[in-house]
Structures are given as structure tokens and as C-alpha cells.
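Understanding the architecture of this molecule
Residue strings, one per chain:
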Amino acid sequence: MHNNFISIGKILNFHGILGIAKVGYSNSDTIKNLTKVYIKKDGKKFEFTVESIKFHKKAALIKFKEINSIDELLPYKGLNIYIDKETAQKSLSDDEFLIEDLIGLNAFDNNEDLIGIISDVKTSSGNDILCIKPKEGNEILIPFAKELVPIVDIKGKKVIIKPIEGLL
């Protein structure tokens, strides 16, 4: 979409006959407070009002006010759901960050020596993994856990990584 929108889920299928969307998601805190979402289809952005949200078997069941049947929902099956970035940031706690805000930050050790730049964040069932590209050598993978990454300063564009033998 545009830089001011982020994807928060994907319409996997329908649930029932009333056009309720079965949505895969990664952050339930963001999903449970939705009021308005956007779906991009054929180069156009469509706005939908969230009427209700229920959680069922690792999916969110979302009823949109504008969709009232399976036939109305099917054109959107397989498409991502977006919200504006500002709304997403409001739903985060102090120790949560948007992945796109972490990419490009400088990674330093405790002595403020530059390790490299965060080039990607891989998500896993445990901790997310910071992918750090040093000036020379291979990419360094660091679990994104408070014990290993005690300081994240988005405004200062840096993270501090606690050096642990074998990781750095």
C-alpha cells in the first residue's frame, strides 16, 4: 500500500453465510481494537467498518458492516487487511515495535561500538530475530529479547545489544 499503512492480517476464508471474514493475524492486541480497515484490490483502496470481532482457532472472525454475504466477501479472499500506521502504533505497548521501524537502525554493543545495521526482522514462534548486516562478514542473527537487546531507541535510530559469547 503506502508508507502510512501496514498489513495486520490476511483474509483466509469466509465463516458462515453472512460474509464473516476468517482472518489470519500476528498481533491479537491490534486486531481486537479494530474499527476501520482497508483492503487493496486491483490498485484501489477500499475502506471497511469493523462491526464485530471474535477469536476462533488461531483466526479472527471479523464482520464488516459493508459485507453481508459470502458472495460479497469472496472477491477479497487472499488479500491483506491494512490499517494506518498511527493506529497500529497506538495499540503497541512500550516494549513493542513495528518491524518496519526497526529495519535500518544501527546496532551497537554495550561499549557503543557499531556492530552493523538491522537489515531485516524474521518472525518465529518464539522470539523475533534481528538480522544485522555488519560492514564486513556474514549476517549476524540476534534473538530480539529484552535480555539481549535491552535498549531500543527508535528516535535515536539505534539499538544496544548485550554481547554474548558465540553471538557476536
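For the structure, check the block above.
To start, this report covers the structure provided alongside it. This structure is a prediction, so every number in the text was calculated from the model and none was measured.

**Re the sheet that holds strand β1 (residues 5-15)**
Strands sit in the order β1-β2-β5-β4-β3-β6 around a closed barrel of six strands; the barrel is antiparallel. Mean inter-strand twist for the sheet, computed between neighbouring axes without regard to direction, equals 50°. Where strand β2 (residues 20-25) meets strand β5 (residues 59-64), three bridges bridge the pair, whose relative direction is antiparallel. Following the sheet pairing, Ala21 is matched in β5 by Ile62.

**Some remarks on the sheet that holds strand β10 (residues 140-143)**
Judged by pairing direction, the sheet is mixed, and its six strands sit side by side in the order β10-β9-β8-β7-β12-β11 without closing on themselves. Single-partner strands in this sheet number two, and they are β10 and β11 (151-153). Across this sheet, the average inter-strand angle for adjacent strands is 35°, counted without regard to direction. The sheet contact formed by strand β7 (residues 106-109) and strand β12 (residues 158-161) spans four bridges and is parallel.

**Concerning the pairing of strand β8 (residues 114-122)**
Bridge count between β7 and β8: three bridges; the pairing is antiparallel. What sits directly across from Ala107, in β8, is Gly116. Linkage of β7 to β8, two consecutive antiparallel strands, is achieved through a turn of four residues, within which Glu112 is found at a positive phi near 65°. Bridging between β8 and strand β9 (residues 129-133) involves five bridges; their strand directions are antiparallel. Bridging across to β9, Ile117 finds its partner in Lys133.

**Side note on unusual backbone geometry**
Not every positive phi belongs to a glycine, and Asp42 is a case in point at roughly 55°. Note on Asp42: relative accessible area 69%, which makes it exposed. At Lys57, a position not held by glycine, the phi torsion is positive, near 50°. Looking at the secondary structure, you find Lys57 in the loop between β4 (44-56) and β5.

What counts and how
- Residues numbered from 1 in each chain as written.
- Predicted model: local features only at pLDDT ≥ 70, side-chain atom pairs only at ≥ 80, totals over all residues.
- Heavy atoms only, no water.
- Pairing = 2+ DSSP bridges.
- Helix = DSSP H or I, 4+ residues; strand = E, 2+ residues; numbered from the N terminus.
- Axes fitted to C-alpha atoms, helices over the stretch in contact; angles between N-to-C directions.
- Buried < 20%, exposed > 50% of the residue type's maximum accessible area, 1.4 Å probe, protein only.

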